[in-house]
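In case you want the letters, here they are:
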Amino acid sequence: MTNSNTNKILITGSKSGFGKQLSEWIDNAHCLKEEKDLNSKKNIDFDIVIHCAATSSRKFSDIFKLIKNNIFLTYKLLKLNSKTFVFFSSVDVNNKEFNLFSISKFICEILIKIFHKNYLIYRPSIMLGKYMRKNHVSKILSSENIQLSLAEDSTFRYVSHKKMYEQIMKDISECNKGVFNLTSSNPKELKYYVNKFSKSNVSYGNYKYDTILSSKYPTVYLGDSESNFVFYINEK
């Protein structure tokens, strides 16, 4: 998607998800698939580090993975020479009902603010793209009968990988800095998407999820939630 001079960009988490998508869109970027490869990057002066890698588990049994793969890795990346540090946190940090994942992301944000002068911290809502990990969206779009843990009145604001990439490039080119909510307009309940788009027999759970946006930081609206959902379906 871009052919600019990108051999001074490091992308983490390039095995899957948004990181993998970025590695295809940004030509010649350095890609960090495994933490063990970090030593080979220590003597490089990077213009930009785009940190997408994360363990997203909410299970207490994965607490050590969350500490190692989220907090410790972020600290190690901050020790690299970089002019701009881009970090993908989570909109869940805004939720009063903390979980281990959101706590680990929040600690990462604190580390970045302490150890880097020029940072972009994004708190995105649910991200949709062809390399995303399996989630409730991939389940409801499958042809199988499924049981969700989510309640039917859960509300979601979906954002597309493409619009997120465009926002990163815009913020970097304009030398923006700070913490931003990345989300979409016109949130809808889960049952709306199931009724309109699902070909499966979907059973709901009891956990009601709501997308919470922090009023402390600016919110960037990357299109309409349903439009982003449809874009993902057509992109698959």
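Predicted model only: the values in this text are computed from it and were never measured.

**So, the sheet that holds strand β5 (residues 119-124)**
Spatially, the seven strands line up as an open sheet ordered β2-β1-β3-β4-β5-β10-β13, and their pairing is parallel. Unpaired on one side and paired on the other, β2 (30-32) and β13 (219-224) mark the two borders of the sheet. Ignoring which end each strand starts from, the neighbouring axes of this sheet average 20° apart. With six bridges joining them, strand β3 (residues 45-51) and strand β4 (residues 81-88) adopt parallel strand pairing. From the neighbouring strand, F46 faces β4, where its bridge partner is S82. Taken strand by strand, helix α3 (residues 100-115) contacts β4, β5 and β10 (178-185), and its axis lies near 165° from that of β5. Contacts between helix α7 (residues 225-235) and the sheet are confined to β10 and β13, with β13 contributing the most and set at about 60° to the helix.

**Some words on the pairing of β4**
With six of eight residues buried, β4 lies mostly within the body of the structure. Where β4 and β5 come together, four bridges link them in parallel fashion. By the bridge assignment, V86 is partnered in β5 with L120. Of the crossover connections in this fold, the one passing from β4 over α3 to the parallel β5 is right-handed.

**Considering the nonpolar core**
Formed by 22 residues in total, the largest nonpolar core has its most connected members in F18, L22, I26, I50, F88 and Y122. Mapped onto this core, the elements with two or more residues apiece are β1 (9-12), α1 (17-25), β3, β4, β5, α5 (161-173), β10 and β13. The residues touching L22, leaving out its near neighbours within four places in the chain, are I11, I50, C52 and Y165. If you look at the next biggest cluster of nonpolar residues, it comprises 21 residues, including L10, L38, I44 and V49.

**Things to note about the packing of helix α6 (residues 190-197) against α7**
Look at α6 against α7: their axes get within 12 Å of each other, and the N-to-C directions meet at 40°. Between α6 and α7, the interaxial angle falls into the category oblique. The handedness of the crossing between α6 and α7 is right-handed. In this structure, α6 uses Y192, Y193, K196 and F197 to contact α7, whose residues at the interface are S225, E226, F229, V230 and I233.

**Observations concerning the packing of α1 against α5**
Angle between the axes and distance between the axes: these two values describe a pair of packed helices. Interhelical geometry of α1 versus α5 gives an angle of 65° and a closest axis separation of 11 Å. The way α1 lies across α5 gives a crossing that is right-handed. Listed contacts from α5 to G17, F18, Q21, L22 and W25 of α1 are H161, K162, M164, Y165 and I168. Partitioning the contact of α1 with α5 into residue classes produces six nonpolar, three polar and one charged.

**Remarks on the environment of K208**
Note that K208 resides in the loop between β12 (202-203) and β13. A relative accessible area of 39% places K208 in the partly exposed class. Separated by 143 residues in sequence, K208 and K65 have C-alpha atoms that sit 26 Å apart. Apart from the residues lying within four places of it in its own chain, the contact partners of K208 are A151, D153 and S154. A polar side-chain atom of K208 sits 2.8 Å from a polar atom in the side chain of D210.

Cut-off values and rules
- Residues numbered from 1 in each chain as written.
- Predicted model: local features only at pLDDT ≥ 70, side-chain atom pairs only at ≥ 80, totals over all residues.
- Heavy atoms only, no water.
- Pairing = 2+ DSSP bridges.
- Helix = DSSP H or I, 4+ residues; strand = E, 2+ residues; numbered from the N terminus.
- Axes fitted to C-alpha atoms, helices over the stretch in contact; angles between N-to-C directions.
- Contact = heavy atoms within 4.5 Å.
- Buried < 20%, exposed > 50% of the residue type's maximum accessible area, 1.4 Å probe, protein only.
- Right-handed = clockwise from strand over helix to strand, strands pointing away.
- Core = buried A, V, L, I, M, F, W, Y, C linked by side-chain atoms within 4.5 Å.
- Parallel < 35°, antiparallel > 145°, perpendicular 65-115°, else oblique.
- Left-handed = near helix turned anticlockwise from the far one by under 90°.
- Nonpolar A, V, L, I, M, F, W, Y, C, P; charged D, E, K, R; others polar.
- Polar contact = N/O pair within 3.5 Å; in protein donor to acceptor, adjacent residues only side chain to side chain.

Note that all results are geometric; they support no functional claim without further evidence.
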